[in-house]
Amino acid sequence: VQLVESGGGLVQAGGSLRLSCAPSGNFFSLNYMGWYRQAPGKQRELVASITSGGGSTSYGNSVKGRFTISRDNARNTVYLQMNSLRPEDTAVYYCNVLADAVYYWGQGTQVTVSS
């Protein structure tokens, strides 16, 4: 299983970006899907996560009210809508997926927010 991420880029403060992540390859079931980020010199941190049915979500404190995680189970895709972006949101964003009881990580996509 490989995770294909897209949607990162450069945006001005206050702008928006939408990240997407979809697993490729063969798997039986997808459960947990989430987004993490890592800024230079900092530890990787949870941004948002969502359960298999989409009924339960969780957010890091710094992004609550600005970011929204969602998933399309028909497309096996998880999205992260990021609004009101701030320079401190600049980081490499990683997709994390639990598929067939194994966690997989994406290669990361760079998000840069200019002031």
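Residues numbered from 1 in each chain as written. Predicted model: local features only at pLDDT ≥ 70, side-chain atom pairs only at ≥ 80, totals over all residues. Heavy atoms only, no water.

Engineer: Can you walk me through the environment of P87 in this structure?
Structural biologist: Mapped onto the secondary structure, P87 falls in the loop between strand 8 (77-82) and strand 9 (91-99). Classification of P87 by relative accessible area gives partly exposed; the value is 36%. (Helix = DSSP H or I, 4+ residues; strand = E, 2+ residues; numbered from the N terminus. Buried < 20%, exposed > 50% of the residue type's maximum accessible area, 1.4 Å probe, protein only.)

Engineer: I'm lost on the nonpolar core in this one. Help?
Structural biologist: Generally speaking, a soluble globular protein has its nonpolar side chains buried in company with each other. In terms of nonpolar packing, the biggest core is built from 26 residues, with W35, V47, F67, V78, L80, M82 and Y93 touching the most fellow members. Those elements that provide at least two residues to this core are strand 3 (17-24), strand 4 (30-38), strand 5 (45-50), strand 7 (67-72), strand 8, strand 9 and strand 11 (109-114). Considering every element that reaches this core, the biggest residue donor is strand 9, with five residues. In this structure, V78 is in contact with L19, S20, C21, M33, W35, I50, I69, S70, R71 and C95, ignoring residues within four places of it in sequence. (Core = buried A, V, L, I, M, F, W, Y, C linked by side-chain atoms within 4.5 Å. Contact = heavy atoms within 4.5 Å.)

Engineer: How should unusual backbone geometry be read in this particular structure?
Structural biologist: Leaving glycine aside, a negative phi is the common case for residues, and trans is the common case for peptide bonds. You will see that S84, though not glycine, has its phi angle at about 50°, which is positive. Look at D100: it is not a glycine, yet its phi comes out positive at around 50°. Its location among the elements puts D100 in the loop between strand 9 and strand 10 (102-105). Since its relative accessible area comes to 36%, D100 is described here as partly exposed.

Engineer: What am I meant to see in the sheet that holds strand 1 (residues 2-6) here?
Structural biologist: Pairing between the strands of a sheet is mediated by backbone hydrogen bonds and can be parallel or antiparallel. Read across the sheet, four strands follow the order 1-3-8-7 without closing on themselves; strand pairing throughout is antiparallel. Looking along the sheet, the strands with just one partner apiece sit at the ends: strand 1 and strand 7. Geometrically, the sheet is characterised by an average inter-axis angle of 15° between neighbouring strands, direction not taken into account. When strand 1 meets strand 3, the two strands line up antiparallel, connected through five bridges. Bridge pairing in strand 3 places L3 opposite P23. (Pairing = 2+ DSSP bridges. Axes fitted to C-alpha atoms, helices over the stretch in contact; angles between N-to-C directions.)

Engineer: I tried to follow the pattern of salt bridges on my own but got confused; where do I start?
Structural biologist: It is possible for side chains of opposite charge to pair when their charged atoms get near one another. Tallied over the full model, the rule gives four salt bridges. With a closest N to O distance of 2.8 Å, D89 and R66 form a salt bridge. A residue pair is termed long-range when its members are at least 10 positions apart, and D89 in the loop between strand 8 and strand 9 and R66 in the loop between strand 6 (57-59) and strand 7 qualify at 23 residues. D89 sits in the buried class, given a relative accessible area of 0%. With relative accessibility at 8%, the residue R66 sits in the buried group. Salt-bridge contacts for R75 lead to D72; the nearest nitrogen and oxygen are separated by 3.3 Å. (Salt bridge = Lys/Arg side-chain N within 4 Å of Asp/Glu carboxyl O.)

Engineer: What should I look at first to understand the packing of aromatic side chains in this one?
Structural biologist: The geometry of an aromatic ring pair is captured by two quantities: the separation of the ring centres and the angle between the planes. Scanning all chains against the criterion turns up three aromatic pairs. Ring centres of Y36 and W105 lie 5.1 Å apart, and the angle between their planes is 65°; on these two criteria the pair is classed as edge-to-face. Residue Y36 is located in strand 4, and its partner W105 is located in strand 10; the two are separated by 69 residues in the primary sequence. With 6.5 Å between their ring centres and 85° between their planes, Y94 and W105 make a pair best called edge-to-face. Here Y94, found in strand 9, pairs with W105, found in strand 10; they are 11 residues apart in sequence, far enough to count as distant. Judged by its relative accessible area of 15%, Y94 is buried. On the accessibility criterion, W105 (40% relative accessible area) is partly exposed. Over the face of the ring belonging to Y94 we find R44, whose NZ or CZ atom lies 3.7 Å from the ring centre. Its guanidinium or amino end placed over the ring of W105, R44 lies 4.6 Å from that ring's centre, counting from NZ or CZ. (Phe/Tyr/Trp six-rings, centres within 6.5 Å; stacked < 30°, edge-to-face > 60°. Lys NZ or Arg CZ within 6 Å of the ring centre and 35° of its normal.)

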